[in-house]
Amino acid sequence: MTKDECKQVVLDIIADIAPDEDLSAVKPEVRLRDQLQLDSMDFLDIVMELRKRHGIEVPEADYIQLASLDSCAEYLTPKFNALAAQG
């Protein structure tokens, strides 16, 4: 999975948990919570959906890694690729 595909996965999850948000103008380098009306419960929903849909575990200590789309891609792309390799 590429970093762009990883960003799309995150955007798809956000679109499902916050359907009223306009995701077309999200800047990848800016914190998601600074751009969108996401509260801590929405953030937990993102983490839970990553686990439920894709089998990606994000320990609480790593939540800071999911602050922006760019940081999500940096953190999640190796995890997706490791899962794919396990097949």
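Use the structure listed above.
Model, not experiment: these values are computed from the prediction. (Residues numbered from 1 in each chain as written. Predicted model: local features only at pLDDT ≥ 70, side-chain atom pairs only at ≥ 80, totals over all residues. Heavy atoms only, no water.)

**Notes on the overall build of the protein chain**
- Along the backbone of the protein chain there are four helices and zero strands.
- Reading the protein chain from its N end, one meets helices and strands in the order α-α-α-α.
- Rg of the C-alpha trace for the protein chain: 12 Å, near the compact-globule value of 12 Å for 87 residues, within the 12% margin.
- Taking the principal axes of the C-alpha coordinates as reference, the protein chain spans close to 35 × 25 × 20 Å.
- For the protein chain, the proportion of its 87 residues judged to be buried stands at 36%. (Helix = DSSP H or I, 4+ residues; strand = E, 2+ residues; numbered from the N terminus. Rg over C-alpha atoms; globule rule 2.2 N^0.38 Å. Buried < 20%, exposed > 50% of the residue type's maximum accessible area, 1.4 Å probe, protein only.)

**Quick notes on the nonpolar core**
- Within the largest apolar cluster, 24 residues are counted, with the highest numbers of intra-cluster contacts made by Ile 14, Leu 32, Leu 50, Val 58, Leu 66 and Leu 76.
- Per-element accounting of this core gives the leading share, six residues, to helix α1 (residues 3–17). (Core = buried A, V, L, I, M, F, W, Y, C linked by side-chain atoms within 4.5 Å.)

**Details of the packing of aromatic side chains**
- Scanning all chains against the criterion turns up one aromatic pair.
- Taking the centre distance of 5.6 Å and the plane angle of 70° together, the rings of Phe 43 and Tyr 63 count as edge-to-face. A residue pair is termed long-range when its members are at least 10 positions apart, and Phe 43 in helix α3 (residues 40–54) and Tyr 63 in the loop between α3 and α4 (69–86) qualify at 20 residues.
- Judged by its relative accessible area of 16%, Phe 43 is buried. (Phe/Tyr/Trp six-rings, centres within 6.5 Å; stacked < 30°, edge-to-face > 60°.)

**A closer look at the packing of α1 against α4**
- Interaxial distance between α1 and α4 falls to 8 Å at its minimum, and their mutual angle equals 110°. Accordingly, the angle class assigned to the pair α1 and α4 is roughly perpendicular. In this structure, α1 uses Lys 3, Cys 6, Lys 7, Val 9, Val 10 and Leu 11 to contact α4, whose residues at the interface are Leu 69, Asp 70, Cys 72, Ala 73, Glu 74, Leu 76, Thr 77 and Phe 80. (Axes fitted to C-alpha atoms, helices over the stretch in contact; angles between N-to-C directions. Parallel < 35°, antiparallel > 145°, perpendicular 65-115°, else oblique. Contact = heavy atoms within 4.5 Å.)

**Comments concerning the pattern of salt bridges**
- Considering all chains together, one arrives at six salt bridges under this definition.
- One salt bridge in this structure joins Arg 53 and Asp 16, with 2.5 Å as the shortest N-O distance. Pair noted here: Arg 53 is in helix α3 and Asp 16 is in helix α1, with a separation of 37 residues, a long-range link.
- On the basis of relative accessibility, which here comes to 37%, the residue Arg 53 falls in the partly exposed class.
- For Arg 31, the salt bridge goes to Asp 34, with nearest N and O atoms at 3.3 Å.
- Residue classification places Arg 31 among the partly exposed residues on the basis of a relative accessible area of 41%.
- Among the charged side chains, a network of salt bridges with common partners joins Asp 16, Glu 49, Lys 52 and Arg 53. (Salt bridge = Lys/Arg side-chain N within 4 Å of Asp/Glu carboxyl O.)

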